[in-house]
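# Per-entry structural report
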Amino acid sequence: MQVDITAWLKNRESSLKRLEEHRREGRVDQDILELLDAINSLEYAFTTSSCSGRIQIYEAREPGDKFGLRTLVKWHNLIEYPQLEPILEEGLNLWLAVLPPILHINTCSLRAAYHVLGLLKESGFKRAGIISVSRDGVVIEALGTERMEMPLKLEGRLVVKKELLPLIVERANSLLMRSKVRISKLREVILNEAPGGMDNLCGE
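Residues numbered from 1 in each chain as written. Predicted model: local features only at pLDDT ≥ 70, side-chain atom pairs only at ≥ 80, totals over all residues. Heavy atoms only, no water.

Attention now goes to the sheet that holds strand β3 (residues 70–75). As summarised here, the arrangement of the five strands in space is β3-β2-β4-β8-β9, forming an open sheet in which the pairing is antiparallel. Strand pairing shows two members of the sheet lacking a second neighbour, β3 and β9 (157–158), which therefore form its edges. Here strand β2 (residues 54–59) runs beside β3; their pairing, made up of five bridges, is antiparallel. Bridge pairing in β3 links Ile55 to Trp75. The strands touched by helix α4 (residues 165–191) are β2, β4 (94–99) and β8 (148–154); relative to β8, the strand with the most contacts, the crossing angle is about 155°. (Pairing = 2+ DSSP bridges. Helix = DSSP H or I, 4+ residues; strand = E, 2+ residues; numbered from the N terminus. Contact = heavy atoms within 4.5 Å. Axes fitted to C-alpha atoms, helices over the stretch in contact; angles between N-to-C directions.)

Think of an α-helix as turning once every 3.6 residues; residues three or four places apart then point the same way. With 20 residues, helix α1 (residues 5–24) should cover 28 Å at 1.5 Å per step; its first-to-last C-alpha distance of 29 Å lies within 8% of that length. When α1 is considered as a whole, its buried residues turn out to be Trp8, Arg12, Ser15 and Leu19. Buried positions in α1, seen along its axis, are confined to an arc of 70° and lie on one side of it. Turned more than 90 degrees from where α1 packs its buried face, Thr6, Lys10, Lys17 and Arg24 sit exposed. Its side-chain oxygen at 3.2 Å from the backbone nitrogen of Thr6, Asp4 defines the N-terminal cap of α1. The first or second residue beyond α1 is Gly26, which carries a positive phi of 75°. (Expected span 1.5 Å × (residues − 1). Buried < 20%, exposed > 50% of the residue type's maximum accessible area, 1.4 Å probe, protein only. Arc of directions from axis to C-beta. Polar contact = N/O pair within 3.5 Å; in protein donor to acceptor, adjacent residues only side chain to side chain.)

Moving on, we come to the packing of aromatic side chains. All chains considered together, the criterion is met by one aromatic pair. When the centroid spacing of 5.4 Å and the interplanar angle of 55° are considered together, the rings of Trp8 and Phe46 count as tilted. Remark: Phe46 occurs in strand β1 (residues 45–51) and Trp8 occurs in helix α1; sequence separation between them is 38 residues. Overall, Phe46 belongs to the buried group, its relative accessible area being 2%. (Phe/Tyr/Trp six-rings, centres within 6.5 Å; stacked < 30°, edge-to-face > 60°.)

Next up on the list: the environment of Asn11. Mapped onto the elements of the fold, Asn11 is located in helix α1. Residue classification places Asn11 among the partly exposed positions, given a relative accessible area of 30%. Sequence separation between Asn11 and Asn106 is 95 residues; the distance between their C-alpha atoms is 9.5 Å. Apart from residues no more than four positions distant in its own chain, Asn11 is found in contact with Phe46 and Asp136.

Here the focus is the side chain of Ser109. Tracing the backbone shows Ser109 in the loop between β5 (102–107) and α3 (110–122). Taking relative accessible area as the criterion, Ser109 reaches 0% and is therefore assigned buried.

Function cannot be read off these values alone, since they describe shape.
See the structure below:
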């Protein structure tokens, strides 16, 4: 299926305006802004949604419960153990999660999508692939591999010894830092990209 370039360009313009609005409102992760700017500087691609990765504590009966999950706190930066202590007093079932970076990138053709996938793989985003192809564009989803999920409290009782919590925080921070490095690497790869615009990559 061939992308409607006229419609794609309009979608790109709308998406970039929306990103600017979210930026002004402080609704975009600061750690991923420079990467988004780099991707959006490419004539054949634009971003639609993204997250730089985060550490999160949520309440849920089961991990990842989509409908029963209540996020108590989330951080997009490194944390210290004392930040956890007051949260441990809340809820019955608490889970700590480290979630990896996620990117959604709309490209103007399959050729452009394969090219962007090459850039992602070069920078270490191994979990990247095309998730939709339509006249509106070819959309790529990319996920980091830095993920951890574990219970802290079940049925109102801590299931982790308190003396081990600083070590858990250290491991969570280490994973989050790896996410930041991966984001920085992708930005470098894109900025070192040789110029190649719409004429080269937006045709089938």
